[in-house]
Amino acid sequence: MSTLDYLSGTAEKDNIGKEHKKEFGFKIVAVLATLIGIVSLAVLLAYVFTEAAGWLDLQFLTSTPSRFAEKAGYYPAILGSAFVVALVALFALPLGVGAAVYLEEYSRKNFIQRFLQTNIANLAGVPSIVYGLLGLGLFVGTLGLPHGVVLVGAFTLTLRVLPIVIVSSQEAIRAVPDLQRQAALGLGATKWQMIRSIVLPEAFPGIMTGTIISLANAIGETAPLIMIGAATTIFSPPHGLLSSFSAMPLQIYAWSDFPKSEFQHGVLPAAIVVLLLVILTMNGIAVYARNKYYKNKK
Amino acid sequence: MATPKSLHKEFRADLKENSVRGVFFATALVSIITTVGIVVVLFADSVDFFSQVSIVEFFTSTRWSPVIKPIEFGVLPIISGTLTFTFLTALVAIPIGVLAAIYLSEYASERFRRIVKPALEVLAGIPTVVYGYFALIYVTPLLKKIFPEISTFNVLSASIMVGIMIIPTIASLSEDAMRAVPNSLRQAGYGLGITKFQVTSTVVVPASLSGIISSFILGISRAIGETMAVTIAAGNLSRIVNWLNPKEAFLQPVQTMTSAMVEVGTSDVTGTSVAYKSLFAVGLTLFVMTMLLNLVSQRIKNKYREKYE
């Protein structure tokens, strides 16, 4: 690089050109990295949906499993999932919202609150299969409930989703403006009256968003249900709390072992599409509720 | 003046307020009971297990065969399977996750973020059985075109799918850390005449490193506990994986701790057998590993967080 270059500015231009190229190249790589997961998933989904076409029909939704692909159905697993997740909602909502109300409205900022909070964060990171062992050891081993029944499945998945329900409910409760609380207390309301008539109604949409997302996760949970001894294939839907059951992901797991092409490229895609439609619809409802809620707030 | 009647009423109101508080406290206790339950259940049955199988055998034997004779309970093969799977998964998820975080935090328009972020979250919401199916039915045949010697069940395809599943975990936590870096630091960089890429690599990433690393650890802990994708796609063959021979290590079946637990859980073992109890010993090992990683992740995030006010 000569002095002349500096004076004429060509050296600087070259340098700038090089940096521009680097900048541009990096930007392309980063965009690709951002989109690669989404694009791969979209391609895979396109495949499953195409393969499910022709297999996903009324017969599939209303029959029991079979070793003949044309006769195989998903009905007992669908009902099993629905039954269990309804119970999970029934247990997890009051427990989760209750804990969130305690942490946000009652507990002082002391070590007990920190301890509870850290504990909840840690529970959210425990692998789901460990919850299966908890269910097996606690509900089956210690409490003596039978193996693989609806109630044990629901209890186990409730404990599994509880941390997420608590944390998202806490966020919803925290978003309620303090002015509204003070207004209620100023009118002479007791704390419980204030929570019941101001905090919970205001936080309700946020609580529901978090809860629906947790329930969608619960529907996809497989490993904990395997560990508590739920059936991977069953021929009748559950008929009570202590009846054995299967669930959609368990049936998918069972069918993934069938080497026949009609199962791998027909029955399985159909089962997966049903499961994904349920989960994606629930997530969609949750996101819609959240957006609508935030629009109303503004 | 407080009449006895109004005092009575006040007392009743107080009682109600206190019992409501008590009920809320009780619901908050459920999470403590859950933790205690996990620890007690895992320990109790593990103690039982170690009274029948020596702890030395458990941690030094190189064969894991809990159901098929000759029975042996060496946890090393399935730990090596877990490490192999986790390593490959991290290799997929970490670079992609960080690049995505950089793009979303530093480059993307608000509109792009609004559309892409929820789409990324969908990746984390798909059940792992479905990822297992994708790996077995679509990814493995694709890999066969690149590596003709690949086995139908192999750890690589499961790792690729789970890696994609973990991208949002790493991307969103790293992005949060990067967005917390104040703009004044970036402006200082631009003031010195450096480009956006230089600002990102020399200012933003170093300033948010603790958050980024804690997202890696959390992602790794996720991979260690992942069960169904490995069970379906990686083949359940317990062996000590030799990384010095990558083809054999990554293109052949492996068994992880989690898939070994599913195998025992779905076999016909009874509640009194040693195999049944081995579930809890493996579960305890898994629990301790993930718990340590989660604690380290939180510690790094809290301790080394640069504070900008």
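Residues numbered from 1 in each chain as written. Chains lettered and ligands numbered in written order. Predicted model: local features only at pLDDT ≥ 70, side-chain atom pairs only at ≥ 80, totals over all residues. Heavy atoms only, no water.

1. Structural notes on helix H4 (residues 110-125) of chain B
In an α-helix there are 3.6 residues to a turn, and that puts residues three or four apart on one side. Between its first and last C-alpha atoms H4(B) spans 23 Å; for 16 residues at 1.5 Å apiece the expected length is 22 Å, and the two agree. Taken together, the buried positions of H4(B) are B:Arg113, B:Val116, B:Leu120, B:Leu123 and B:Gly125. (Helix = DSSP H or I, 4+ residues; strand = E, 2+ residues; numbered from the N terminus. Expected span 1.5 Å × (residues − 1). Buried < 20%, exposed > 50% of the residue type's maximum accessible area, 1.4 Å probe, protein only.)

2. Side note on the domain arrangement of chain A
Residue and element names in this part refer to chain A. Split by domain assignment, chain A resolves into domain 1 (3-52) and domain 2 (61-297). Relative to domain 2, the C-alpha centre of domain 1 lies at a distance of 40 Å. With five residues of domain 1 at the interface, the matching set in domain 2 holds nine residues. Our enumeration of links across domain 1 and domain 2 arrives at zero salt bridges. The tally of links from domain 1 across to domain 2 stands at one residue pair in polar contact (both at pLDDT 80 or more). (Domains from an automatic or database assignment. Contact = heavy atoms within 4.5 Å. Salt bridge = Lys/Arg side-chain N within 4 Å of Asp/Glu carboxyl O. Polar contact = N/O pair within 3.5 Å; in protein donor to acceptor, adjacent residues only side chain to side chain.)

3. A short note on unusual backbone geometry
Residues and elements named next belong to chain B. With omega at 0°, the peptide bond leading from Lys-69 into Pro-70 counts as cis. Note on placement: Pro-70 falls in the loop between strand E1 (64-65) and strand E2 (72-73). Phi at Asn-236 is positive, roughly 55°, even though this residue is not glycine. You can see Asn-236 is positioned in the loop between helix H10 (228-233) and helix H11 (246-251).

4. Observations regarding the interface of chain B and chain A
Facing 70 residues of chain B, the contacting portion of chain A comprises 72 residues. On the chain B side of the interface with chain A, the three residues burying the most area are B:Phe24, B:Tyr133 and B:Tyr138, jointly 10% of the side's total. On inspection of chain B and its partner chain A, the count reaches zero salt bridges. For the pair chain B and chain A, the number of links is 14 residue pairs in polar contact (both at pLDDT 80 or more). If you tally residues by element for the side of chain B that touches chain A, the top one is helix H1 (residues 4-52) of chain B, at 17 residues. Residue composition of the side of chain B that touches chain A, by class: 47 nonpolar, 19 polar and four charged. (Buried area = accessible area lost by both parts, 1.4 Å probe. Nonpolar A, V, L, I, M, F, W, Y, C, P; charged D, E, K, R; others polar.)

5. Brief notes about the nonpolar core
Counting residues in hydrophobic clusters, the biggest one holds 181 residues, and the most contacted among them are A:Tyr74, A:Trp255, B:Ile38, B:Tyr131, B:Phe134 and B:Leu279. The greatest single-element share of this core, amounting to 14 residues, is contributed by helix H3 (residues 76-107) of chain B. Counting the residues that make up this core, at least three belong to each of domain 1 (3-52) and domain 2 (61-297) of chain A. (Core = buried A, V, L, I, M, F, W, Y, C linked by side-chain atoms within 4.5 Å.)

6. Notes on a nonpolar patch on the surface
On the surface, A:Phe111, A:Ile112, B:Phe25, B:Leu29 and B:Ile33 cluster together into a nonpolar patch covering about 460 Å² of accessible area. Counting residues per element, the nonpolar patch draws most heavily on H1(B), at three residues. In this fold, B:Leu29 is placed in helix H1. (Patch = residues over 30% accessible without salt bridge, like charges linked within 9 Å, V, L, I, M, F, W, Y side chains within 5 Å. Areas by Shrake-Rupley, 256 points an atom, 1.4 Å probe, with all protein chains shown as cover.)

7. Here we look at the packing of helix H9 (residues 209-225) of chain B against helix H13 (residues 274-303) of chain B
Residue and element names in this part refer to chain B. Orientation of H9 relative to H13, taken along the N-to-C sense of each, is 170°, at an axis distance of 8 Å. Judged by the angle between their axes, H9 and H13 are roughly antiparallel. The crossing of H9 and H13 is left-handed. Residues Ser-210, Ile-213, Ser-214, Ile-217, Leu-218, Ile-220, Ser-221, Ile-224 and Gly-225 of H9 touch H13, and the partners they reach there are Leu-286, Met-289, Thr-290, Leu-293, Asn-294, Val-296, Ser-297, Ile-300 and Lys-301. Partitioned by chemical class, the residues of the contact of H9 with H13 number ten nonpolar, seven polar and one charged. (Axes fitted to C-alpha atoms, helices over the stretch in contact; angles between N-to-C directions. Parallel < 35°, antiparallel > 145°, perpendicular 65-115°, else oblique. Left-handed = near helix turned anticlockwise from the far one by under 90°.)

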